[in-house]
Amino acid sequence: MNKNEWLENFLEAVSTCGEEGREAVEYIRANKIRIGMRRARESVGAFWTLAKSAHLNTRHYTQESSLTDPYAWTLLIHEARHLQQGILTAFSIYGELDAWQYQYRTLKKLTGKQLSELHEELLSLPLNMERENLQHARKLMTRIAGKSYGANFLPLYPIHKEIKYWFAGS
């Protein structure tokens, strides 16, 4: 199957993931986000780039496997969420928590299955700007994805708010 066929089939599969999937695909199409497959670190399932693209990791997916795997579909929803957030929010634990929760709530609705204890704990966290909460989210993300995931390098808040916190204390 060529890339264009795969892409149309993949986006069609993602769009079946309820409102979240339809919105992600609409955003991708409206903003001409390029979707593809590339090799990345083992701890990464998918990733987005500043050049308005999102990719599944070829260490985990092939074109064929991505067409039948709800986890791959919700990974694209996660990456589209980051692109919607914008760079300042996407490069923060707050942005990651939002995208992880959005992805895993969608996955649960889609499959009807309970997630692991760590995933369920992450889903139970409030999406807010409390530092203690975001530090806890960072720890959970690291336990789930491993230290090489890189959550320890992200600021807790979107960077403009993180800088304000460090200088003004709020």
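Quick look at the structure, then. (Residues numbered from 1 in each chain as written. Predicted model: local features only at pLDDT ≥ 70, side-chain atom pairs only at ≥ 80, totals over all residues. Heavy atoms only, no water.)

**Some points on the pairing of strand E2 (residues 46-49)**
- Because side chains alternate across E2, one face comprises the buried residues Ala46 and Trp48, and the other comprises Phe47 and Thr49, equally buried.
- As paired strands, E2 and strand E3 (residues 53-57) are joined by four bridges and run antiparallel to one another. By the bridge assignment, Trp48 is partnered in E3 with Ala54.
- The turn joining E2 and E3, which pair antiparallel and follow one another in sequence, is formed by three residues; a positive phi near 55° is taken by Lys52. (Buried < 20%, exposed > 50% of the residue type's maximum accessible area, 1.4 Å probe, protein only. Helix = DSSP H or I, 4+ residues; strand = E, 2+ residues; numbered from the N terminus. Pairing = 2+ DSSP bridges.)

**Considerations on the sheet that holds strand E1 (residues 34-38)**
- If you trace the three strands from one edge of the open sheet to the other, you get E1-E3-E2, paired in mixed fashion. Edge strands, defined here as strands with exactly one partner in the open sheet, are E1 and E2. Within this sheet the neighbouring strands show an average axis-to-axis angle of 25°, counted without direction.
- Taken together, the five bridges between E1 and E3 define a ladder with parallel strand orientation. What sits directly across from Arg38, in E3, is Asn57.
- Against the sheet, helix H1 (residues 3-15) touches E1 and E3, its axis set at about 110° to E1. (Axes fitted to C-alpha atoms, helices over the stretch in contact; angles between N-to-C directions. Contact = heavy atoms within 4.5 Å.)

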